[in-house]
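Coordinate analysis (summary)
Read off the chains here:
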Amino acid sequence: MGAKAKTASNKKTLKRVTASASKSKTKSSDLVVAAQKPETADFLPLEGGPARKLPKSGKPLDTSSAVLYIGRIPHGFYEKEMEEFFKQFGSIKRLRIARNKKTGKSKHFGFIEFESPEVAKIVADCMHNYLLFEHLLQVHIIPTEKVHPKLWYGVTHRYKPLNWTQIERNHHNKERTLEEHRKLVEGIMKRDKKRRLKIEAAGIDYECPEIVGSVQAVPKKIKFTED
């Protein structure tokens with residue numbers, strides 16, 4: 001009986017030791033996994049590797065600015081349309097779209113200022129990456145110290161579209177000198193010759209009409225004054 005009791009007690013002690021060893025292993029493995037897990041990362045690198053966390057800047061965000069930069073403005077979304085669209089958030093103080101000085105066409109970015117900085121922050125949060133006419137709007141708040149003093153130069157000037165039809169008409173009907181008229185006729189004759197060669201190379205039997213005109217420039221109109 002003594003030997004049997006000893007063997008039973010030895011078995012119990014072995015079970016206790018193995019159970020404690022297994023518990024210690026699980027605790028150590030949990031600690032290793034917890035140590036390997038990164039903290040809440042801001043982004044993961046594209047090529048793999050550990051996650052990274054952006055450094056925290058000590059400067060707080062500028063919440064006093066009411067000026068917004070709007071980029072990737074689609075064609076047709078101009079001052080009037082922008083004012084009608086953005087006034088649903090709040091009252092607009094100023095609005096300006098950057099345009100080409102020569103042609104007056106939009107450069108697809110602009111600036112808008114609201115009466116309240118809180119409204120500007122709401123617009124920046126809601127409208128950034130907003131899909132509009134197949135364009136993702138880029139909306140950012142411009143800090144007060146980075147607002148250029150000439151940012152609103154010419155904001156009161158409304159763009160008037162150019163009448164390109166009238167411009168081309170005036171260019172076509174302008175009075176030309178003899179040399180300018182000669183160059184014009186030579187260009188017409190060269191283009192007509194190339195056209196004839198293309199028609200012949202295509203094997204088309206077509207008799208092109210002759211160009212009727214004069215190499216001499218049209219004389220200027222004489223105005224008679226009543227005496």
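Preceding this paragraph is the structure being described.
Report follows, based on the coordinates. (Residues numbered from 1 in each chain as written. Predicted model: local features only at pLDDT ≥ 70, side-chain atom pairs only at ≥ 80, totals over all residues. Heavy atoms only, no water.)

Further remarks concern the overall build of the protein. Each helix and strand counted, the protein has five helices and six strands in total. Along the protein, helices and strands appear, N-terminal first, in the series α-β-α-β-β-α-β-β-β-α-α. Per-residue burial for the protein yields a buried fraction of 18% across its 227 residues. Counted over contacts in the protein with a minimum sequence separation of 6, partners at least 24 positions apart contribute 59%. (Helix = DSSP H or I, 4+ residues; strand = E, 2+ residues; numbered from the N terminus. Buried < 20%, exposed > 50% of the residue type's maximum accessible area, 1.4 Å probe, protein only. Contact = heavy atoms within 4.5 Å.)

The subject of this paragraph is the pairing of strand β1 (residues 67-71). Counting buried residues along β1, four of its five residues qualify, which places the element largely inside the surrounding structure. The pairing of β1 with strand β3 (residues 106-114) spans five bridges and is classified as antiparallel. Within β3, the residue paired with L68 across the bridge is I112. Here β1 pairs with strand β6 (residues 138-141) via four bridges, running antiparallel. When the sheet's bridge partners are listed, I70 is paired in β6 with V139. (Pairing = 2+ DSSP bridges.)

What follows concerns the pairing of β3. The side chains of a regular strand alternate between both faces of the sheet. The sheet contact formed by strand β2 (residues 92-99) and β3 spans six bridges and is antiparallel. Bridged to I92 within β3 is F114. In this structure, the hairpin formed by β2 and β3 is closed by a connection of six residues, where G104 is found at a positive phi of approximately 80°.

Time to look at the nonpolar core. With 19 residues, the main nonpolar core has L68, I70, M82, F86 and F114 as its most contacted residues. When contributions to this core are tallied by element, the ones reaching two or more residues are β1, α2 (79-86), β2, β3 and α3 (117-127). If we skip the residues at most four places from it in the chain, F86 touches I70, F77, I92, I112, F114, V123 and M127. Core analysis: the next-biggest nonpolar cluster, separate from the first, contains six residues, V67, L151, W152 and V155 among them. (Core = buried A, V, L, I, M, F, W, Y, C linked by side-chain atoms within 4.5 Å.)

One number sums up the size of the largest pocket: a volume of about 560 Å³. Residue lining of the largest pocket: 20 residues in total, with R96, I97, R99, Y153 and G154 positioned closest to the centre. The dominant element in the lining of the largest pocket, judged by the number of residues it contributes, is β2, at five residues. In terms of residue class, the lining of the largest pocket is made up of eight nonpolar, four polar and eight charged. (1 Å grid on protein atoms, 1.4 Å probe; cavity = no way out; pocket = protein on both sides within 12 Å on 5 of 7 lines; lining within 4 Å. Points joined across faces, edges and corners; volume = space filled by probe spheres on them. Nonpolar A, V, L, I, M, F, W, Y, C, P; charged D, E, K, R; others polar.)

Moving on, we come to the environment of S65. Within the secondary structure, S65 sits in the loop between α1 (2-36) and β1. In this structure S65 comes out as buried when scored by relative accessible area, which is 4%. Considering only alpha carbons, one finds S65 and P117, 52 residues apart in sequence, at a separation of 5.5 Å. Engagement of the side chain of S65 in a polar contact is seen with the backbone nitrogen of V67, the distance being 3.4 Å. Within the local environment of S65, its side chain forms a polar contact with the backbone oxygen of I142, the two atoms lying 2.4 Å apart. (Polar contact = N/O pair within 3.5 Å; in protein donor to acceptor, adjacent residues only side chain to side chain.)

A few words on the pattern of salt bridges. Tallied over the entire structure, the rule returns eight salt bridges. With a shortest N-O distance of 2.2 Å, E179 and R182 are connected by a salt bridge. With E179 and R182 both in helix α5 (residues 178-201) and three residues apart, this pair spans about one turn of that helix. Its relative accessible area of 40% is what places E179 among the partly exposed residues. Across the pair R195 and D192 runs a salt bridge, and its minimum N-O distance is 3.1 Å. A residue pair is termed a helical-turn pair when its members lie 3 or 4 positions apart in one helix, as R195 and D192 do in helix α5 at three residues. A relative accessible area of 45% means that R195 is categorised as partly exposed. Salt bridges sharing common partners tie together E179, R182 and E186. (Salt bridge = Lys/Arg side-chain N within 4 Å of Asp/Glu carboxyl O.)

Everything listed here is a matter of coordinates, which is why it stays silent on function.
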